[in-house]
Amino acid sequence: MKLYSAAQMRDADALAAASGVPTALLMDAAGRGVAHALLAAYPAVSRVLVLCGVGHNGGDGYVAATELLARGVSVSVYALEGAGNRAGDAADARARYLAAGGTPQLLTE
């Protein structure tokens with residue numbers, strides 16, 4: 001497995017977005033990838049804690065949490081205040097998590 005630094009991933013995301021790949025698609029792929037990797041590594045997992053920061057990384061977390069909920073995993077999400085509450089892709093991911101029955105707990109800085 002190849003690991004990338006945060007800077008390398010920012011560059012890759014920027015290149016993908018510049019080439020026309022919607023950022024929502026990147027977020028969805030990242031979040032689902034995390035959920036699938038977790039389930040592959042721990043197939044008997046029944047409870048997961050997801051921490052969501054602000055911006056797209058928080059959106060990735062909400063996508064992963066939604067995917068895990070859909071697969072019957074009990075998910076607790078703790079999010080920084082403002083995480084996913086802004087407009088855009090992260091807010092959309094948070095809305096899908098709420099629609100799936102999730103209830104994030106807000107953390108203040």
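These remarks concern the structure in this document. (Residues numbered from 1 in each chain as written. Predicted model: local features only at pLDDT ≥ 70, side-chain atom pairs only at ≥ 80, totals over all residues. Heavy atoms only, no water.)

On to the packing of helix H2 (residues 23–41) against helix H3 (residues 56–70). In the contact formed by H2 and H3, the axes pass within 8 Å of each other and the chain directions differ by 50°. When the axis of H2 is compared with that of H3, the two are oblique. For the crossing formed where H2 meets H3, the hand is right-handed. In this structure, H2 contributes Thr23, Met27, Asp28, Ala30, Gly31, Arg32, Val34, Ala35, His36, Leu38 and Leu39 to the contact, and H3 contributes His56, Gly59, Asp60, Val63, Ala64, Glu67 and Leu68. (Axes fitted to C-alpha atoms, helices over the stretch in contact; angles between N-to-C directions. Helix = DSSP H or I, 4+ residues; strand = E, 2+ residues; numbered from the N terminus. Parallel < 35°, antiparallel > 145°, perpendicular 65-115°, else oblique. Left-handed = near helix turned anticlockwise from the far one by under 90°. Contact = heavy atoms within 4.5 Å.)

Next up on the list: the packing of aromatic side chains. By the definition in use, this model includes 1 aromatic pair. A ring pair is formed by Tyr62 and Tyr97, whose centres lie 5.6 Å apart and whose planes are at 45°; its orientation type is tilted. You can see Tyr62 sitting in helix H3 and its partner Tyr97 sitting in helix H4 (residues 89–99), a full 35 residues away along the chain. Accessibility assignment for this pair places Tyr62 and Tyr97 in one class, buried. (Phe/Tyr/Trp six-rings, centres within 6.5 Å; stacked < 30°, edge-to-face > 60°. Buried < 20%, exposed > 50% of the residue type's maximum accessible area, 1.4 Å probe, protein only.)

Turning our attention to helix H1 (residues 6–18). If you check H1, its first and last C-alpha atoms are 18 Å apart, about what 13 residues at 1.5 Å a residue would give, namely 18 Å. Just beyond H1, the residue with positive phi is Gly20, at close to 105°. (Expected span 1.5 Å × (residues − 1).)

The topology assignment puts Glu67 in helix H3. Not counting residues within four places of it along the chain, the set of residues in contact with Glu67 comprises Arg32, Ala35 and His36.

Bringing H4 into the picture now. Within the span of H4, buried status applies to Asp89, Ala90, Ala91, Ala93, Arg94 and Tyr97. On its buried face, H4 sits against H2, H3 and strand S2 (74–80). Trailing H4 by a residue or two, Gly101 shows a phi angle of about 100°, which is positive.

Just distances and angles here, no functional claims.
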